[in-house]
Amino acid sequence: MRAARYYGAGDVRVEDVEPDPIGPNDVRIDVAATGICGSDLHEYEAGPMTIPTEAHPVTGATLPFTIGHEIGGTIAETGRDVDLEVGTTVAVNPIVWCGSCRYCVRGAYHLCENGGFVGLSKNGGFAENVVVSAEKVVPVPDSLPAELAALVEPFSVGLHAIHQADLSAGDSVAVFGGGPIGNMVIQAALAANAAPVYVSEPRDARREYAERVGADRVIDPTETDPVERITADLGGVDIAFEVAGIEPTLNQAIECTRSGGRVTVVSLFEERAAIDPFDVVTREVTVNGSAAFHAGPRATDEAGVTARNFADGTLDPELLVTSRIELEDIVEDGFERLVDPSNDEMKVLVRP
């Protein structure tokens, strides 16, 4: 079968590979689509970062391997000990865990000391089919197209961020960064009845998407200081989300948060960032992180909620899909286009 294999920064090759074998507790999924994630772009531009350069402690995988972790498709084959039905439309919860570290023992599998991701620590979804263990399979409602099931994974990141922020109905929110995950955080915050929701984003197209998904105020930080605007309007927000991954937006998120408020950092930073702890301490601002989403044996809590929210219209994944491309074109029309800062893409789905 054809698959996109990661060899290193700037080096992804579409090649013929043998499909992975299926074990007794595994499921083979015919891939309908796999999304290109911001973390995939980080690996393409500056990796390997989270991708292991030596055998992964849980999967044993080494470079090169097939990437892609935002996966939607249908079950094509099951191992002898699996009770899922062939033909079921599914998403994949790609988190890999060891099961024995202190975090796994208490059920925080997404924080596993030895963990990783399908598509970042073992063969993933930029291929015709992918094999995963059955507990990573998230059945989705029949009304949800298989290719849109690929967006259950990234939208679950947004939902987990809302949970980490302990957001309540009526909380005011600022989101710094209007990329794909930023817009998914916006949708999740609006679904949780946050109001008002401010967004700071320098790119025109991304501000337009933020308005389209329902943000109340959209700020171009190249023209208006978002901290001054938010402070003037509200005196500070209850919760700020940092989803850009750069030092200025991290500090802006802290500065625009009211005393006693909360800042949740969702993005992956390629470089270290400095903050002023005096500002955090004297105003008792809580700063925490949001790492992916919940996982575990057949874990469907956040991913399952996301799938149901797609089906009932609470969340709209189609709104963020800007392109559908073929696997053979993943480098030129996918990675190379997305790392170009002038591109207007939001979410690109890759079809095998």
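These lines cover the structure that appears in this document, whether it is placed above or below.

Cut-offs applied
- Residues numbered from 1 in each chain as written.
- Predicted model: local features only at pLDDT ≥ 70, side-chain atom pairs only at ≥ 80, totals over all residues.
- Heavy atoms only, no water.
- Helix = DSSP H or I, 4+ residues; strand = E, 2+ residues; numbered from the N terminus.
- Rg over C-alpha atoms; globule rule 2.2 N^0.38 Å.
- Buried < 20%, exposed > 50% of the residue type's maximum accessible area, 1.4 Å probe, protein only.
- Contact = heavy atoms within 4.5 Å.
- Areas by Shrake-Rupley, 256 points an atom, 1.4 Å probe, with all protein chains shown as cover.
- Pairing = 2+ DSSP bridges.
- Phe/Tyr/Trp six-rings, centres within 6.5 Å; stacked < 30°, edge-to-face > 60°.
- Lys NZ or Arg CZ within 6 Å of the ring centre and 35° of its normal.
- Core = buried A, V, L, I, M, F, W, Y, C linked by side-chain atoms within 4.5 Å.
- Axes fitted to C-alpha atoms, helices over the stretch in contact; angles between N-to-C directions.
- Polar contact = N/O pair within 3.5 Å; in protein donor to acceptor, adjacent residues only side chain to side chain.
- Parallel < 35°, antiparallel > 145°, perpendicular 65-115°, else oblique.
- Left-handed = near helix turned anticlockwise from the far one by under 90°.
- Nonpolar A, V, L, I, M, F, W, Y, C, P; charged D, E, K, R; others polar.

**Regarding the overall build of the chain**
At step 1: Summing up its helical and strand segments, the chain has ten helices and 18 strands in all.
At step 2: Computed over C-alpha atoms, the radius of gyration of the chain comes to 20 Å, within 12% of the 20 Å expected from 2.2 N^0.38 for 352 residues, which places it in the range of a compact globule.
At step 3: Projecting the C-alpha coordinates of the chain onto the three principal axes gives extents of approximately 60 × 45 × 40 Å.
At step 4: Going through the 352 residues of the chain one by one, you find that 55% of them count as buried.
At step 5: Once local pairs closer than 6 in sequence are excluded, the contacts in the chain between residues at least 24 apart make up 72%.
At step 6: Roughly 14500 Å² of accessible area belongs to the chain as shown, and the carbon and sulfur atoms make up 45% of that amount.

**Quick notes on the sheet that holds strand S4 (residues 65-66)**
Note on sheets: strands pair through backbone hydrogen bonds, and any given pair is parallel or antiparallel.
At step 1: Within the open sheet, the three strands sit side by side as S2-S1-S4. Their pairing is antiparallel. Single-partner strands in this sheet number two, and they are strand S2 (11-16) and S4.
At step 2: Where strand S1 (residues 2-8) lies against S2, six bridges are found, and the strand directions are antiparallel. Looking at S2, one finds that Arg2 is bridged to Asp16.

**Remarks on the packing of aromatic side chains**
At step 1: Here the structure, examined in full by the defined rule, presents four aromatic pairs.
At step 2: Measuring from ring centre to ring centre gives 4.9 Å for Tyr44 and Phe335, while their planes differ by 20°; the resulting arrangement is stacked. Remark: Phe335 occurs in helix H10 (residues 330-338) and Tyr44 occurs in helix H1 (residues 38-46); sequence separation between them is 291 residues.
At step 3: Given the relative accessible area of 6%, Tyr44 is considered buried.
At step 4: Summarising the aromatic geometry, the rings of Trp97 and Tyr109 are spaced 5.1 Å apart at their centres and angled 50° between planes, so their arrangement reads as tilted. You can see Trp97 sitting in the loop between strand S7 (95-96) and helix H2 (102-105) and its partner Tyr109 sitting in the loop between H2 and strand S8 (116-117), a full twelve residues away along the chain. Pair check on accessibility: Trp97 and Tyr109 agree, each one buried.
At step 5: Cluster of aromatic residues (ring-pair linked, three or more members): Tyr44, Phe126 and Phe335.
At step 6: Note that Arg13 overlies the ring of Tyr7, its terminal NZ or CZ placed 3.6 Å from the centroid.
At step 7: Against the face of Tyr209 rests Arg212, its NZ or CZ located 4.6 Å from the ring centre.

**Re the nonpolar core**
At step 1: Counting 53 residues, the largest nonpolar core has Leu167, Val173, Val175, Ile186 and Phe241 as its most contacted members.
At step 2: Only H2, helix H3 (152-164), strand S11 (173-176), helix H4 (180-191), strand S12 (197-200), helix H5 (204-213), strand S14 (237-242) and helix H9 (301-312) provide two or more residues apiece to this core.
At step 3: Apart from residues no more than four positions distant in its own chain, Ile186 is found in contact with Val175, Val197, Val199, Ala210, Val213 and Ala215.
At step 4: Grouped together as the second largest cluster of nonpolar side chains are 20 residues, Tyr6, Val14, Tyr44 and Ile67 included.

**A closer look at the sheet that holds S14**
At step 1: The six strands lie next to each other as S13-S12-S11-S14-S15-S16, forming an open sheet whose pairing is parallel. Edge positions in the sheet fall to strand S13 (217-219) and strand S16 (286-289), since each of these pairs with one other strand and no more. Along the sheet, successive strands turn relative to each other by an average axial angle of 15°, direction set aside.
At step 2: Pairing between strand S15 (residues 257-265) and S16: four bridges, direction parallel. Bridge pairing in S16 places Val263 opposite Val287.

**Focus on the environment of Ser342**
At step 1: With respect to the helices and strands, the residue Ser342 is situated in the loop between H10 and strand S18 (347-351).
At step 2: Along the chain, Ser342 and Ala205 lie 137 residues apart, while their C-alpha atoms are 9.9 Å from each other.
At step 3: Within the structure, the side chain of Ser342 is placed 2.8 Å from the side chain of Asp340, a separation counted as a polar contact.

**Observations concerning the packing of H4 against H5**
At step 1: Put simply, H4 and H5 touch, their axes get as near as 10 Å, and they point 20° apart. By the criterion of interaxial angle, the relationship of H4 to H5 is roughly parallel. In this structure, H4 meets H5 at a crossing whose hand is right-handed. Where H4 approaches H5, its residues Pro180, Asn183, Ile186, Gln187 and Leu190 are matched on the opposing element by Arg206, Tyr209, Ala210 and Val213.
At step 2: Tallied by class, the residues present in the contact of H4 with H5 amount to six nonpolar, two polar and one charged.

These figures capture arrangement, not role.
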